[in-house]
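Coordinate analysis (summary)
Here are the chains, one letter per residue:
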Amino acid sequence: MKYYLLIPFLPLAAFVINILFGRGLIRDKAHWISCLTIIGSFIASIITGIDVINGKIINEDLYTWIVAGKFSVSVGFLIDPLTAVMLFVVTGVGSLIFIYSIGYMHGDKGYYRFFSYLSLFIFFMLMLIMSNNFIQLYLGWEGVGLCSYFLIGFWYEKKAAADAGKKAFITNRFGDFGFALGVFMIFLTFGSVHYIPVFSEVKNIVGQTVNILGYEVNLITLIALLLFCGAVGKSAQIPLHVWLPDAMEGPTPVSALIHAATMVTAGVFMVARCNAIFNLSQVAMNVVAIVGGVTSLFAATIAVAQNDIKRVIAYSTLSHLGMMFLACGVGAYAAGVFHLYTHAFFKALLFLAAGSVIHAVGHNDIQRMGGLRKYMPITYLTMFVAALSAGGIPGLAGFFSKDEIIWSAFASGSLVGKFVWVLVTAVAFFTPFYSFRMIFLAFHGKFRGTHHEEHHLHESPPVMTIPLIFLALGAIGVGWVGIPEILGGGAHFAEFLKPVLGHPEFHGTHAQEWGIMGLSTTIAISGIIIAAIFYLMKTYIPIKLAQQLSPIYRLLFNKYYVDELYHHILIRPILWVSTRFIEGITDAKIIEGIVNGVPKTIGRFAVILRKIQSGVTQHYAIFMAAGVFILVALILW
Amino acid sequence: MEQMVMNKLSYPILSTIIFLPVIGALILTLINRSRESLIKWVALIFAVATFFLSIPLFTQFDKSTYKMQFVERHNWIPVWNIEYFLGVDGISVLLVLLTTVSSILCILISWNSIKIKVKEFYMAILLTCGAIAGVFSSLDFFLFYIFWEAMLIPMYLIIGVWGGPNRIYATIKFILYTLVGSVLMLVGILYVYFYAGRTFDILKLTALTYPYNIQFWLFWAFFAAFAVKVPMFPVHTWLPDAHTEAPTAGSVILAAILIKMGAYGFLRFSIPLFPDATRAMVPAMLTLSVIAIIYAGLVCLVQKDLKRLIAYSSVSHMGFITMGIFALNMQGIEGGILQMINHGVVTGALFMCVGVIYDRTHSRQIADYGGLATHMPIYAGFFMVFTLAAVGLPGTNGFIGEFLTLLGGFTANKLVGVLAATGVIIGAGYMLILYQKVFFMKVNPKVIGLPDMDLREMVALTPLILFVLWIGVYPVQFLDFMHPSVQHLLERVSVTNIAEETNIARVFMEVIR
């Protein structure tokens, strides 16, 4: 029996049942079916994963989906080590977030809707990662985008939420535009859109070029960059990163599940999946590395100046996603996927802990929090662990994956590798700095909110704190499967993925590896110390700094004004052209002018002709005579 | 006859589909006009019966051949070699089915919204649908032209009698536009009739070869008729007015089936009759298609009127269809045909959805709504599904058609594919803006207390949701109808078929003698 089919279709069944019967029958029991099905998927994923570890790889078509001429594509599943890792992350972290949501969404009037969308999301996410072809990947890709749209705009009566959902969907469409063109190019080049034939034939087209507007472009580079466009949109990299921070309008479990642990990592997954293509284009690899590296530092600097607790974490997510791309760009796909996997735990934890805080305080502004640790010790402790893990403190999950990335960048031997290594080392300072800034401001010192708010402070119920504890254990321990060899580990994670992702060549000595690790660890710890000085001891320093470096502070606070830029160079011109030029002039004046003008001219002509029909017999006689004259003249001519 | 497969069913299926609605309309004349309920039920029963009798087209169709099937052939006016000749192939069969489905929906959705001249309204609906089914199944040019023009009369009345305040302007525009196009086509039909030695047999005519100069001129003559119907840029401006002023059922007929006649005309006549001219005109056709996609999409972004927005989105979507057709490859044409069905389902459904809310508030202005999702959650759900299909979300039917037409366009010309693909971004933009303004955000006081959809409305719209998902998840079942016919068409157009040059005037001179 193909039990792996249960993995995606259980959540789909939950969606169908909840959306059809949720409003009338199920109502506040909607979580039962959603949670049980995802736990079912998790169990099936584990069983499948064990099969994969034992060397069984599944690549099966379920049925033929679309056929037209030579184009043919199936709904089919590929389960290999890379898929197995993703399955574990999506269903594992997903289950914990589902359970947490029971507490967080309790009493919301859209309760059944929330769980329906979550289940639908998981279905599409699973279709995405389990696909064996590009079209089904695209199905999942757009599907998760849709659910993201629903869930960001979940509280749709709020304009900001509805706007953010729409923005996310449309921004992603820009990326998907490129992605779709990439898929078209793949079909035209290989005559197939299934992974196995494409990846096995890609080496035969090395060096081929294609003419674009007079320029000869390397075919593989073109395909890789077009695919990467999709990843840039979905994983919110520069320049399409603008939707993710706004996406924080959605309920916090959504931010944890979709905008941290799973959906936004789909871009990284896709690049890793297509490593056979990317590996053959140095240009594309460099673009991936640089976009990732720049986004990583860019977002980290913004996070420093944000006061919305969820936005801090959102920019942190951008930054970490950038790191994953950076790893892929230097050929260290396994390191990127490793970070994807550890990140899912500590970032989901950061979000859920933040959700727990928001649940208690009732708003997102860390400047109006403070001293929360005595009211909510579990939340405090778990978030602390998450921040340590995110900051790359040795021994925790985040450390191992981040170290792997930093080392891969340094040891890749290329100039681009060195450049992004500098970037990511700078990020290694900012990550712990902003994480602990957030924690110190929220949990330490005195409570700075109103008296009324203080009265309400409480620890969250067990249904929320237990998932936090599980995730904290994950944030500590999941990295231990990838301890590098110089620390006495076996790097099992990279070994496991090697058949799919290969292994990069390192140019470096053990001494260098120790040195790099020592450097980044020192930088990370100094980040925490400086945060402690700024926000625990000498709290006047950051205020003074913000005043003295006001232009920089405002630049960071306003996120480098990218949103404003897009508004002025893109949105307003398009609307202006549509209203004034197209609708106002071409459609209303030119085309309609002709359409209404021709009959009018005919009408005027008719008025003149009508005058001939005077009814006076003599006039008719004259016309007749003239007619006869002309006819005779013509015949005689 | 090797070109066709005669009808083997126990009843003449195509004649039934065309004339059962006509009989229904005749029976309606016998009913006293005060018995409105009876009138509606009789109309509905005839539409449903027609639909059920059309099902064998789906189940008994032989998907392995390009030949015409369910053929009925009788002499009609032997002096002129005019025959009563009906048949369907993989290109037309789904469109006939779409017509029979649409007529039921039109009747259901008008149930409570038509209050004056009820009897005449339902007669007009039945007659229009019958005539359109005739257009899709005629294999005799003369017969085709009769249906093509006959359809206009009831349609003219539907908009002109039961339409909105500006209906007279809209109907005149609609009729003038289509008549100008049709007249040119009539000239073309007569020309090929005489050229081929006095036959209206479409199968014979499409197997002949014509001189290039004749192909060229006649291509444009037919183009005039079909481009107006599609409508292609720049002859699209009748559609927004017609849609805006038409009653809901009128909009549904327009969007779902009437404008498909244009695209069908390209496939059935323009391409096989004039393959060489078609090939030469591909750049022009693709350009016009891409302009339609982007241009109409941009107009949608700034529309304030619900129906106008959806009307312009039709123009944009039809641009995808014509692009697919003139890409002249399997993906493009099959995608185009499938997208004709999809567009019928989705845009028809969107107009029905607008009708649902218009019946309650009598406003088409987007600004008069807001926060509807809170007050009409079921309605919001229905509307969402069709919105998603309209933006081509994978898993819905819109994706399959849009993807295949884009793939076809991209294969034919990369730049065309790239430009057309921007239409996908624009499409997401205007549909989501529309949805947000109507359903999300603060509740507009004007919508408080509106009742959600009733059973009748759900019955009318649920089948369309099923189609959206069915075609989206398992499109092969529909695409299989088309393969041999499209293959056959491509074989015709892929080789040169130029006959010796003739003087255009000569043939007409023979007529005069």
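Residues numbered from 1 in each chain as written. Chains lettered and ligands numbered in written order. Predicted model: local features only at pLDDT ≥ 70, side-chain atom pairs only at ≥ 80, totals over all residues. Heavy atoms only, no water.

1. A word on the overall build of chain A
Quick note on the threshold: Only DSSP runs of H or I covering at least 4 residues are called helices, and only runs of E covering at least 2 are called strands; the numbering of each starts at the N terminus. Buried means the residue's accessible area, taken with a 1.4 Å probe over protein chains only, is under 20% of the maximum for its type, while exposed means over 50%, and partly exposed covers the values in between. Pairs of residues are marked as contacts when any of their non-hydrogen atoms sit within 4.5 Å. Computed with a 1.4 Å probe, the accessible areas rest on the Shrake-Rupley method; for each residue, only the protein chains presented here act as cover.
Broken down by element type, chain A carries 26 helices and 4 strands. With the principal axes as the frame, chain A shows a C-alpha extent of 115 × 65 × 60 Å. Counting over 637 residues, chain A shows a buried share of 58%. If you take every contact in chain A between residues at least 6 apart in sequence, the share linking residues at least 24 apart comes to 80%. Counting every atom, chain A has about 25,100 Å² of accessible surface; 70% of that belongs to carbon and sulfur.

2. Remarks on the confidence of the model for chain B
Any segment with low pLDDT has predicted coordinates that should not be analysed in fine detail. Condition: Summary of the metric used: pLDDT quantifies the predictor's per-residue confidence within the range 0 to 100.
For chain B, mean pLDDT is 88; residues scoring 70 or higher make up 96% of the total. Under the prediction, the complex receives an ipTM of 0.89, its pTM being 0.90.

3. Some points on the side chain of His236 of chain B
Relative to the assigned elements, His236 of chain B resides in the loop between helix H9 (212-229) and helix H10 (238-245). Not counting residues within four places of it along the chain, the set of residues in contact with His236 of chain B comprises Asp587 and Ile591 of chain A together with Pro231, Tyr295, Tyr312 and Val315 of chain B.

4. Digging into the nonpolar core
Convention followed: As used in this record, nonpolar core signifies buried Ala, Val, Leu, Ile, Met, Phe, Trp, Tyr and Cys residues forming a set joined through side-chain atoms within 4.5 Å.
Of all hydrophobic cores here, the largest spans 439 residues; its most connected members are Phe134 and Ile277 of chain A together with Phe141 of chain B. Of all the elements, helix H15 (residues 333-361) of chain A adds the most residues to this core, at 21 residues. Apart from residues no more than four positions distant in its own chain, Ile277 of chain A is found in contact with Phe134, Ile186, Val198, Phe199, Val202, Ile220, Ile223, Ala224 and Leu227 of chain A. Counting residues in hydrophobic clusters, the runner-up holds 6 residues, among them Met68, Val71, Phe85 and Leu203 of chain B.

5. Some words on the packing of helix H8 (residues 219-234) of chain A against helix H11 (residues 266-273) of chain A
Each pair of packed helices can be summarised by the angle the axes make with each other and by the distance between the axes. All names here are of chain A. Formally: Only the stretch in contact is used when a helix axis is fitted, and all axes are lines through C-alpha atoms; the angle between N-to-C directions ranges over 0 to 180 degrees. If an angle is under 35 degrees, it is roughly parallel; if it is over 145, roughly antiparallel; if it lies from 65 to 115, roughly perpendicular; otherwise it is oblique. The handedness criterion is simple: a crossing whose near helix is rotated anticlockwise from the far helix by less than a right angle is left-handed, and one whose near helix is rotated clockwise is right-handed. When residues are grouped by polarity, Ala, Val, Leu, Ile, Met, Phe, Trp, Tyr, Cys and Pro land in nonpolar, Asp, Glu, Lys and Arg in charged, and all others, Gly among them, in polar.
Close contact between H8 and H11 brings their axes to 7 Å; oriented N to C, the two are set at 160 degrees. Relative to H11, the element H8 is oriented roughly antiparallel. Crossing of H8 against H11: the hand is left-handed. Where H8 approaches H11, its residues Leu227, Phe228, Ala231 and Lys234 are matched on the opposing element by Ala266, Gly267, Met270 and Val271. Looking at side-chain class alone, the contact of H8 with H11 contains 6 nonpolar, 1 polar and 1 charged residues.

6. Re the interface of chain A and chain B
Convention followed: Computed with a 1.4 Å rolling probe, the buried area is the accessible surface lost when two parts are put together, summed over both parts. What makes a salt bridge here is a side-chain nitrogen of Lys or Arg within 4 Å of a carboxyl oxygen of Asp or Glu, nothing more. Definition of a polar contact: a pair of N or O atoms within 3.5 Å, with one able to donate and the other able to accept a hydrogen when the atoms are protein atoms, and with sequence-neighbouring residues admitted only if both atoms are side-chain atoms.
The interface of chain A with chain B comprises 47 residues on the first partner and 61 residues on the second. In total, about 4,800 Å² of surface goes out of reach between chain A and chain B, with carbon and sulfur atoms giving 74% of it. When the buried area of chain A at its contact with chain B is split by residue, Tyr156, Arg173 and Phe184 of chain A rank highest and sum to 14% of it. Taken together, chain A and chain B are joined by 0 salt bridges. Counting every contact that joins chain A to chain B gives 11 residue pairs in polar contact (both at pLDDT 80 or more).

7. Structural notes on the side chain of Thr405 of chain B
Residue and element names in this part refer to chain B. Following the sequence through the fold, Thr405 ends up in helix H18 (residues 397-412). A polar contact of 2.9 Å, which involves the side chain of Thr405, links it to the backbone oxygen of Glu402. Apart from the residues lying within four places of it in its own chain, the contact partners of Thr405 are Phe320, Met323, Gly324, Gln331, Gly332, Gly335 and Gly336.

8. Re unusual backbone geometry
All names here are of chain B. Going from Val230 to Pro231, the amide bond is cis rather than trans, its omega being -15 degrees. Locating Pro231 in the fold gives a position in the loop between H9 and H10. Omega for the peptide link from Phe233 to Pro234 comes to 0 degrees, which places this bond in the cis form. When you line up the elements, Pro234 lands in the loop between H9 and H10. With a phi angle near 60 degrees, Asn81 is a residue other than glycine that sits in the positive phi range. The backbone of Met441 sits at a positive phi, close to 65 degrees, despite the residue not being glycine.

9. Re the packing of helix H1 (residues 13-30) of chain B against helix H4 (residues 118-137) of chain B
All names here are of chain B. One way to put it is that H1 packs onto H4 with a least axis distance of 8 Å and a crossing angle of 165 degrees. In terms of their interaxial angle, H1 and H4 are classed as roughly antiparallel. Two packed elements cross with a definite hand, and for H1 against H4 that hand is left-handed. The segment H1 lies against H4, with Leu14, Ile17, Ile18, Pro21, Val22, Gly24, Ala25, Leu28 and Thr29 engaging Lys119, Tyr122, Met123, Leu126, Leu127, Gly130, Ala133, Gly134 and Ser137. Class assignment of the residues belonging to the contact of H1 with H4 gives a composition of 12 nonpolar, 5 polar and 1 charged.

10. Examining the pattern of salt bridges
All names here are of chain A. Under the definition given, this model contains 24 salt bridges over all chains. Note that Asp246 and Arg311 form a salt bridge whose closest N and O atoms lie 3.6 Å from each other. Of this pair, Asp246 sits in helix H9 (residues 243-246) while Arg311 sits in helix H14 (residues 309-329); the two residues are 65 residues apart in sequence, bridging distant segments of the chain. Linked through salt bridges whose partners overlap, the residues forming this network are Lys167, Asp246, Arg311 and Asp563.

11. Here we look at the sheet that holds strand S1 (residues 4-6) of chain B
Residues and elements named next belong to chain B. Under the convention used in this document: For two strands to be treated as a pair, DSSP must find no fewer than two bridges joining them.
Pairing is mixed across the open sheet formed by 3 strands, whose spatial order is S1-S2-S3. The open sheet has two free edges, formed respectively by S1 and strand S3 (82-88), since each of these has just one partner strand. Neighbouring strand axes in the sheet, compared pairwise and without regard to direction, differ in orientation by 45 degrees on average. Here 2 bridges tie S1 to strand S2 (residues 68-77), and the two strands are oriented parallel to one another. Looking across to S2, one finds that Met6 is bridged to Val71. Running over the sheet, helix H5 (residues 141-150) touches S2 and S3 and is turned about 75 degrees from S3.

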